[in-house]
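Results of the structural survey
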Amino acid sequence: MTNFHEQPDTLYRNQGKDGFSDVSWPAKVAQPTFLKVGWGTAFFDMDNDGWLDIFIANGHVYPQVDSIPGGVTYREPMQLFRNHRDGTFQDVSSSLSGIPPESRRGAAFGDVNMTGMSTSCC
């Protein structure tokens, strides 16, 4: 679940009949998302290894934040987390470095080239 600036995105683990537990910090997705404004997010298998990874489209809601020196920015980078298969995720957002930050509002996924791998778009 995505959240606002200074609120980490939340990852819940299904505990079956006991409900859901917040595993954001132990899964290592909370800290990298803390200063972002998240919108579109989904699990998808970015490397076709059978394990679901996480993609997040970010972007602040107030364009005027760009006028605050040293503050947050309106345009924010997308984030990508690789599943380590042990309940943790690695922030591999740097692999998206060729895509400029924007104020994105959603994400869509699909296997457009029939390879078994999802392609994301925001």
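One can find the structure itself at the top, above this paragraph.
With that out of the way, let us pick up the pattern of salt bridges. This structure, assessed with the given rule, holds 4 salt bridges. Linking arginine 82 and aspartate 47 is a salt bridge whose minimum nitrogen-to-oxygen distance equals 3.3 Å. Highlighted residues: arginine 82 in strand β5 (residues 79-83) and aspartate 47 in the loop between β3 (38-44) and β4 (53-58), separated in sequence by 35 residues. The exposure class of arginine 82 is partly exposed, given its relative accessible area of 31%. Members of the salt-bridge network, linked through shared partners, are Asp66, Arg75 and Glu102.

Moving on, we get to the layout of surface pockets. Estimates place the volume of the largest pocket at around 170 Å³. Along its surface, the largest pocket is lined by Met1, Thr2, Asp9, Thr10, Leu11, Val29, Thr41, Ala42, Phe43, Ile54, Ile56 and Phe81. Taken together, the elements giving at least two residues each to the lining of the largest pocket come down to β3 and β4. At 3 residues, β3 tops the list of elements feeding residues into the lining of the largest pocket. Classifying every residue of the lining of the largest pocket by side-chain character gives 8 nonpolar, 3 polar and 1 charged.

Rules and cut-offs
- Residues numbered from 1 in each chain as written.
- Predicted model: local features only at pLDDT ≥ 70, side-chain atom pairs only at ≥ 80, totals over all residues.
- Heavy atoms only, no water.
- Salt bridge = Lys/Arg side-chain N within 4 Å of Asp/Glu carboxyl O.
- Helix = DSSP H or I, 4+ residues; strand = E, 2+ residues; numbered from the N terminus.
- Buried < 20%, exposed > 50% of the residue type's maximum accessible area, 1.4 Å probe, protein only.
- 1 Å grid on protein atoms, 1.4 Å probe; cavity = no way out; pocket = protein on both sides within 12 Å on 5 of 7 lines; lining within 4 Å.
- Points joined across faces, edges and corners; volume = space filled by probe spheres on them.
- Nonpolar A, V, L, I, M, F, W, Y, C, P; charged D, E, K, R; others polar.

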